[in-house]
Amino acid sequence: SLEETGLSKLLNLTLAGVLVDQLEEVDGGDAGERLYDTLGGRLSDPRGPGKLLAVVNPASTSHWLYRRLVAERTRDPGAVYVHFTMRDNPHLPAEYVERMEETRERRPHWYRSFVLGSWGAFEGAAFEEFDEGVHVVEPFRVPEGWDRWEALDHGAANPTAVGAWAIDYDGNVICADLYYRPGLVSAHAGEIKRRRRPVGEGDRLVSPGGWWEVPRDGGRPGWRTNVVYADPSVFAQHGHATRWGAPASIATEYAEHGVVLSRADNDRAAGYSRLLELIHPDPERVFPSWHPRAGEKGSPRLFVFRHCEELVEQLQAAPVAADGPDAGKAICSKWEGAYGHAVAMARYSVLSWPGASKPPDPGEVEPE
């Protein structure tokens, strides 16, 4: 019996090894993670292997298990993840396997979790149609003629998420780069400005010119806008004054470090609805020329470059609000405040930008 409330019972143990079945059932937040770390701290008996073996059913990608033991980018040093599906067990009765396969259409979330062993498949997922094989694309240089902008969700103790966005002539929206890190405003602003500058060959950012493309003939940056959409709450005054005597806010802090913010539309229900529309694969819409499925039908209108990993994970993990005034109409605000800062940033982005890029005039040759 492994309960978060029984943490003190573990402190007197000296263990050679640990086996936990269904570790995903412990708390998905700090309490469960503290329990896990406490178990690891009791593996001090020299007679054993000093290892913890956990058997789990896949849960949300916002669960600490996914971050600590599954995701390659954040997995603990020394942790080994072994994935298997129901089909990997050759001893299951044929009738049982057939019944489980029948759940593919009737209970798709259950099927993906307990038959395929997929993380992030769960009842109440906010973006059921988000498919990494469809919406995630390899980075490419964004053409200079496409409109570009940035969106920011500020966090102090929590991460700050800043996305570089672009839209093509057909209204396909791309998150082309993502900065995701906790810290001070000065650090965030410094990194934003660094990514706007030209970068070295081989860098995976939006283009060799950085977030802001610099035209070959010099002059002003080639982007049509440098707007940064941010949560309107960052404009709230907090009783201090800037060095010029004006009322201070988080937005003025960014401005003092060279990053000017604009108020985003923070209608939670409308932002969720817009993301759903953009993620939806339209049976009659043709995939763009830069997509691996170019020319085929069934394209959505929102895409994410592969290295924007936090946004991909959060679009897969986001739950829809189950109760309260936002029930069924918006992303769960408690989850978004704790884990979903990249998704919040995406809401500001897609709800604030007006439309597709303007194609070049006839006879105008767009730079390669």
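In this text, all values refer to a predicted model and were calculated from it rather than measured experimentally.

Engineer: Now, about the nonpolar core: what can you tell me, with residues and values included?
Structural biologist: The biggest cluster of nonpolar side chains holds 48 residues, and the ones touching the most others in it are Phe127, Trp165 and Leu311. Going through the elements one at a time, strand S3 (136-137), strand S4 (147-153), strand S5 (160-167), strand S6 (173-181), helix H10 (268-279), strand S11 (302-305), helix H11 (309-317) and helix H13 (341-352) are the ones with two or more residues in this core. Every residue in contact with Leu311, bar those within four places of it in the chain, is listed here: Trp165, Cys175, Leu178, Val304, Ala342, Val343 and Ala346. Grouped together as the second largest cluster of nonpolar side chains are 18 residues, Val26, Leu39, Trp64 and Trp119 included.

Engineer: I'd love a proper account of the pattern of salt bridges, names of residues and values included.
Structural biologist: A full pass over the atoms with the stated rule returns 21 salt bridges. Across the salt bridge formed by Asp37 and Arg68, the nearest N and O atoms sit 2.8 Å from each other. Of the two residues, Asp37 sits in helix H2 (residues 30-41) while Arg68 sits in helix H3 (residues 64-70), which places them 31 residues apart along the sequence. A relative accessible area of 13% places Arg68 in the buried class. Across the salt bridge formed by Glu132 and Arg306, the nearest N and O atoms sit 3.8 Å from each other. One end of the pair, Glu132, is in helix H7 (residues 132-135); the other, Arg306, is in the loop between S11 and H11, and 174 residues separate them in sequence. On the accessibility criterion, Glu132 (35% relative accessible area) is partly exposed. Several salt bridges converge on common partners, so that one network encompasses Glu33, Asp37, Arg67, Arg68 and Asp76.

Engineer: Which residues make up the packing of aromatic side chains, and what values go with them?
Structural biologist: Applying the stated criterion across every chain, the model contains eleven aromatic pairs. Geometrically, the ring pair formed by Phe127 and Tyr272 is edge-to-face, given 5.5 Å between the ring centres and 65 degrees between the ring planes. Here the residue Phe127 occupies a position in the loop between helix H6 (108-114) and H7, and Tyr272 occupies one in helix H10, the gap between them amounting to 145 residues. The buried category is assigned to Tyr272, whose relative accessible area is 8%. By the ring-pair criterion, three or more aromatic residues cluster together here, those being Phe140, Trp146, Trp290, Phe303 and Phe305. Geometry around Phe235 places Arg263 over its ring, the cationic atom sitting 4.2 Å from the centre.

Engineer: Give me the lowdown on the environment of Pro58, citing residues and values where you can.
Structural biologist: Position of Pro58 relative to the elements: it lies in the loop between strand S2 (51-55) and H3. Judged by its relative accessible area of 15%, Pro58 is buried. Along the chain, Pro58 and Val70 lie twelve residues apart, while their C-alpha atoms are 9.8 Å from each other. Contact partners of Pro58, with chain neighbours within four places excluded, come to Ser113, Gly117, Ser118 and Trp119.

Engineer: So what's going on with unusual backbone geometry? Which residues, and what values?
Structural biologist: Although it is not a glycine, Gln22 sits at a positive phi angle of roughly 55 degrees. With respect to the element layout, Gln22 can be found in the loop between strand S1 (17-21) and H2.

Engineer: Outline the pairing of S4, supporting the account with residue identities and numerical values.
Structural biologist: In terms of burial, S4 is a largely internal element, seven of the seven residues being buried. Of the two faces of S4, both are covered, the one formed by Asp147, Trp149, Ala151 and Asp153 as well as the one formed by Arg148, Glu150 and Leu152. Relative to S5, S4 runs antiparallel, the two being bridged by seven bridges. Looking at the pairing, Ala151 lines up with Gly163 of S5. The loop that links S4 with its antiparallel partner S5 comprises six residues. When S4 meets strand S7 (residues 228-230), the two strands line up parallel, connected through three bridges. Residue pairing for S7: Glu150 is matched across the bridge by Val228.

Thresholds, definitions, all that
- Residues numbered from 1 in each chain as written.
- Predicted model: local features only at pLDDT ≥ 70, side-chain atom pairs only at ≥ 80, totals over all residues.
- Heavy atoms only, no water.
- Core = buried A, V, L, I, M, F, W, Y, C linked by side-chain atoms within 4.5 Å.
- Buried < 20%, exposed > 50% of the residue type's maximum accessible area, 1.4 Å probe, protein only.
- Helix = DSSP H or I, 4+ residues; strand = E, 2+ residues; numbered from the N terminus.
- Contact = heavy atoms within 4.5 Å.
- Salt bridge = Lys/Arg side-chain N within 4 Å of Asp/Glu carboxyl O.
- Phe/Tyr/Trp six-rings, centres within 6.5 Å; stacked < 30°, edge-to-face > 60°.
- Lys NZ or Arg CZ within 6 Å of the ring centre and 35° of its normal.
- Pairing = 2+ DSSP bridges.

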